[in-house]
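Overview (structure and organization)
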Number of protein chains: 2
Amino acid sequence: MTYCLALKLDEGLICLSDTRTNAGVDNISKYKKMFTWNVPGERVICMMTAGNLAVTQAVMSLLQENIDNPKEGIDTLYTAPSMFRVAEIVADAMRVVMGQYGAGLAAAGESAASTIIVAGQRVGGRQRLFLVYSAGNFIEAGDDTPFFQIGENKYGKPILDRVIEPATPLATGIVAALLSMDSTLRSNLSVGMPLDLAVMEADTFQFDQQRRIDENDAGYRNLSNAWSEAIRASFDDMVKFSV
Amino acid sequence: MTYCLALKLDEGLICLSDTRTNAGVDNISKYKKMFTWNVPGERVICMMTAGNLAVTQAVMSLLQENIDNPKEGIDTLYTAPSMFRVAEIVADAMRVVMGQYGAGLAAAGESAASTIIVAGQRVGGRQRLFLVYSAGNFIEAGDDTPFFQIGENKYGKPILDRVIEPATPLATGIVAALLSMDSTLRSNLSVGMPLDLAVMEADTFQFDQQRRIDENDAGYRNLSNAWSEAIRASFDDMVKFSV
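All of these numbers come straight from a predicted model, not from anything done at the bench. (Residues numbered from 1 in each chain as written. Chains lettered and ligands numbered in written order. Predicted model: local features only at pLDDT ≥ 70, side-chain atom pairs only at ≥ 80, totals over all residues. Heavy atoms only, no water.)

Time to look at the pattern of salt bridges. As enumerated under the stated definition, the model contains 34 salt bridges over all chains in all. In this structure, Asp182 of chain A and Arg186 of chain A form a salt bridge, with 3.3 Å as the shortest nitrogen-oxygen distance. Highlighted residues: Asp182 of chain A and Arg186 of chain A, both in helix 4 (residues 170–187), separated by 4 residues, approximately one helical turn. For Asp182 of chain A, a relative accessible area of 4% translates into the label buried. Among the ionic pairs, Asp92 of chain B bridges to Arg95 of chain B, the shortest N-O distance being 2.6 Å. Of this pair, Asp92 of chain B and Arg95 of chain B both sit in helix 2 (residues 83–107), 3 residues apart, which is roughly one turn of that helix. Owing to a relative accessible area of 32%, Asp92 of chain B belongs among the partly exposed residues under this scheme. Arg95 of chain B gets classed as partly exposed once you look at its relative accessible area, which sits at 42%. (Salt bridge = Lys/Arg side-chain N within 4 Å of Asp/Glu carboxyl O. Helix = DSSP H or I, 4+ residues; strand = E, 2+ residues; numbered from the N terminus. Buried < 20%, exposed > 50% of the residue type's maximum accessible area, 1.4 Å probe, protein only.)

See below:
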């Protein structure tokens, strides 16, 4: 399984993904679910994938192939004039790949279901956050829903429901994203460390943070332990209520 | 959807269920997912159901029918010599009902998947907690897994993972069960108030608590609000961590 989430806050975009996959034991340490493209000062794009590994890898490869071998009249992630167009390009690639693999996977009884989060900003436009489905349709996050989750999303949803709104500061959003991931890691073995974190402040057109967080990351460990103790202490405090 | 959970603690058994169903709008207020049987001082049984409503209702009706019209040589919930035998009787009823409905539901493309939590104690034995699956197989909760959840179980699992162990006091377990339900109610509209709560202290062979908790229940409202504030305060305290 997978757990990826993206927050669209007034101050910026936050993307966080785990790295565990069930595609094969020998593949675990090598598989990344976060993909990034950046022309500093001009455009910054971060995608995260969940679902059928062959499908999402094919979509990412197709997008990269079109960048590496550009064709006349074909928009790429680097030439798209807007983030909306970027989402369309991803959706088109999804449809192409599903057309290639969908019937075969269905015949084999395998699920082809896949989702891709597309986050970013192009100069001249605002930051935008999209969620592309297997059918190539997509939705956009607005102020009412300032976050998207894909994969094993339920364990980590309560904390986001409680604390995330567009005005949430970026630093607070990063902590919320990490705690949402922490709850998921504790409750579901198929989601695992290390984590990939990408932070794009609004209107900087770059990755202000882009790094891997592993088990030995002192900051993450301290946060995880402190949260565990705080939840435990809060809970102990609730026992006084007679219901 | 549904969310039901049962905790098996050293001090006793706790069962909690919501009451919302998608089987029909006009059915919501009438549908109960918790079913109880009690011979004070001799046996106490609580069951909770999730999944296909027709299937679980048929299982419950069959169990009750066998009590109301006993047949020679047929064990019922009131004559079974042990909780293990009670679980077997429920599993047998599940197989009978699945035999009647399974093929028709599959042909109609409907899921027949159903699960039943069976909790209780019979004099001469200890408290036991079982989970019966659609196929009529079942598992028992032990010290390593002192709780079962059925239905929409993921939102409410992190709090249980963090605080529940066999030695958890009964009053603490009730609070944990209610907060697990609270997280689920906040994150999933298909799980709804009122709640049914049943508490069986070990070796009392009775329901020490058995009641409905609705939106106006002051104790539940106070707990829910205090927990929300405590989570929020704990979270605000986490923002100091730089990760």
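Taken as a whole and assessed by the stated rule, the structure comprises 1 cavity of 30 Å³ or more. Empty space within the largest cavity amounts to approximately 230 Å³. As for the largest cavity, its lining consists of 16 residues, and the residues nearest its centre are Pro158, Ser183 and Ile231 of chain A together with Pro158 and Ile231 of chain B. Of all the elements in the fold, those that place two or more residues in the lining of the largest cavity are helix 3 (157–163), helix 4 and helix 5 (218–238) of chain A together with helix 3 (157–163) and helix 5 (218–238) of chain B. Its residues placed into classes, the lining of the largest cavity shows 11 nonpolar, 3 polar and 2 charged. (1 Å grid on protein atoms, 1.4 Å probe; cavity = no way out; pocket = protein on both sides within 12 Å on 5 of 7 lines; lining within 4 Å. Points joined across faces, edges and corners; volume = space filled by probe spheres on them. Nonpolar A, V, L, I, M, F, W, Y, C, P; charged D, E, K, R; others polar.)

Residues Asp10, Glu11, Asp143, Asp144 and Glu201 of chain A make up a contiguous surface patch of negative charge. Mapped onto the secondary structure, Asp10 of chain A falls in the loop between strand 1 (3–9) and strand 2 (12–17). (Patch = residues over 30% accessible without salt bridge, like charges linked within 9 Å, V, L, I, M, F, W, Y side chains within 5 Å. Areas by Shrake-Rupley, 256 points an atom, 1.4 Å probe, with all protein chains shown as cover. Lys, Arg positive; Asp, Glu negative; His and termini not counted. Charge placed at Lys NZ, Arg CZ, Asp CG, Glu CD.)

This next bit is on the relation of the copies chain B and chain A. In the superposition of chain B on chain A (RMSD 0.0 Å, axial shift 0.0 Å), the rotation amounts to 180°. Viewed as a symmetry operation, the transformation between the two copies matches a two-fold axis. Considering only C-alpha atoms, the residue of chain B closest to the rotation axis is Tyr155 of chain B, which sits at 2.4 Å. (Least-squares fit on C-alpha atoms with pLDDT ≥ 70 in both.)

A few words on the sheet that holds strand 3 (residues 34–39) of chain A. Residues and elements named next belong to chain A. Here we have 5 strands laid out as an open sheet, ordered 3-4-5-6-7, and antiparallel in their pairing. Either end of the sheet is taken by a strand with one partner, and the two such strands are strand 3 and strand 7 (138–140). Shown here is a sheet whose adjacent strand axes are inclined to one another by a mean of 15°, direction ignored. Judged from the 6 bridges that link them, strand 3 and strand 4 (residues 43–51) form a sheet pairing that is antiparallel. If you follow Val39 over to strand 4, its bridge partner there is Arg43. In this fold helix 1 (residues 53–68) packs onto strand 3, strand 4 and strand 5 (114–122), with an angle of close to 155° to the strand it touches most, strand 4. Packing of helix 2 (residues 83–107) onto the sheet brings it into contact with strand 4, strand 5, strand 6 (128–132) and strand 7, and relative to strand 5 it is tilted by some 155°. (Pairing = 2+ DSSP bridges. Axes fitted to C-alpha atoms, helices over the stretch in contact; angles between N-to-C directions. Contact = heavy atoms within 4.5 Å.)

What follows covers the interface of chain B and chain A. Taken together, the contact between chain B and chain A spans 39 residues of the former and 39 residues of the latter. For the chain B and chain A pair, buried surface summed over both sides reaches about 3600 Å², with 68% attributable to carbon and sulfur atoms. If you sort the residues of chain B by the area they bury against chain A, Arg162, Phe235 and Val243 of chain B come out on top, with a joint share of 23%. Counting the contacts that link chain B with chain A gives 4 salt bridges. Here Glu152 of chain B ties to Lys154 of chain A by a salt bridge, and the two come within 2.7 Å at their closest N and O atoms. The set of elements that each furnish at least two residues to the side of chain B that touches chain A consists of helix 3, helix 4 (170–187), strand 10 (209–213) and helix 5 of chain B. Element by element, the count of residues in the side of chain B that touches chain A is highest for helix 5 of chain B, at 13 residues. Split by residue class, the side of chain B that touches chain A holds 20 nonpolar, 9 polar and 10 charged. (Buried area = accessible area lost by both parts, 1.4 Å probe.)

Turning our attention to the packing of helix 1 of chain A against helix 2 of chain A. Residues and elements named next belong to chain A. Relative to each other, helix 1 and helix 2 sit at 135°, their axes nearing to 9 Å. Judged by the angle between their axes, helix 1 and helix 2 are oblique. Helix-helix and strand crossings are classified by hand; for helix 1 and helix 2 the assignment is right-handed. For the pair formed by helix 1 and helix 2, the contact residues are Ala54, Val55, Ala58, Val59, Leu62 and Leu63 on the first element and Ile89, Val90, Ala93, Met94, Val96, Val97, Met98, Tyr101 and Leu105 on the second. For the contact of helix 1 with helix 2, the residue count by class is 15 nonpolar, no polar and no charged. (Parallel < 35°, antiparallel > 145°, perpendicular 65-115°, else oblique. Left-handed = near helix turned anticlockwise from the far one by under 90°.)

Let us now look at the pairing of strand 4 of chain A. Residue and element names in this part refer to chain A. In terms of burial, strand 4 is a largely internal element, 8 of the 9 residues being buried. Connecting strand 3 to the next strand, strand 4, in antiparallel fashion are 3 residues, including Gly41 with a positive phi near 80°. The sheet contact formed by strand 4 and strand 5 spans 9 bridges and is antiparallel. Note that in strand 5 the partner of Cys46 across the bridge is Ala119.

So, on to the packing of aromatic side chains. In this structure the tally under the stated criterion is 8 aromatic pairs over all chains. For the pair Phe130 of chain B and Phe138 of chain B, a centre-to-centre distance of 5.6 Å together with 90° between the ring planes defines the contact as edge-to-face. Each member of the aromatic cluster is reached from another via a ring pair, and the members are Phe84, Phe130 and Phe138 of chain A. (Phe/Tyr/Trp six-rings, centres within 6.5 Å; stacked < 30°, edge-to-face > 60°.)

Our focus in this paragraph is the side chain of Thr2 of chain A. Residues and elements named next belong to chain A. Tracing the sequence through the fold places Thr2 in the segment before strand 1. Of the polar contacts made by the side chain of Thr2, one reaches the side chain of Lys33; its length is 3.1 Å. Every residue in contact with Thr2, bar those within four places of it in the chain, is listed here: Asp18, Arg20, Lys33, Thr49, Ala50, Ile150, Gly151, Glu152, Ser190 and Val191. (Polar contact = N/O pair within 3.5 Å; in protein donor to acceptor, adjacent residues only side chain to side chain.)

Further remarks concern helix 5 of chain A. All names here are of chain A. Counted at 1.5 Å a residue, the expected span for helix 5 with its 21 residues is 30 Å, and the 30 Å between its end C-alpha atoms agrees. Looking only at helix 5, the buried set comprises Gly219, Tyr220, Leu223, Ser224, Ala226, Trp227, Ala230, Ile231, Ser234, Phe235 and Met238. Where helix 5 begins, the capping side chain belongs to Asp217, and its oxygen is found 3.2 Å from the backbone nitrogen of Gly219. (Expected span 1.5 Å × (residues − 1).)

Here we come to the environment of Gly51 of chain B. Residues and elements named next belong to chain B. Examined against the element boundaries, Gly51 turns out to sit in strand 4 (residues 43–51). In sequence terms Gly51 and Ser134 are 83 residues apart; their C-alpha atoms lie 9.2 Å from each other. Those residues in contact with Gly51 that sit more than four places away from it in its chain are Ala113 and Ser114.

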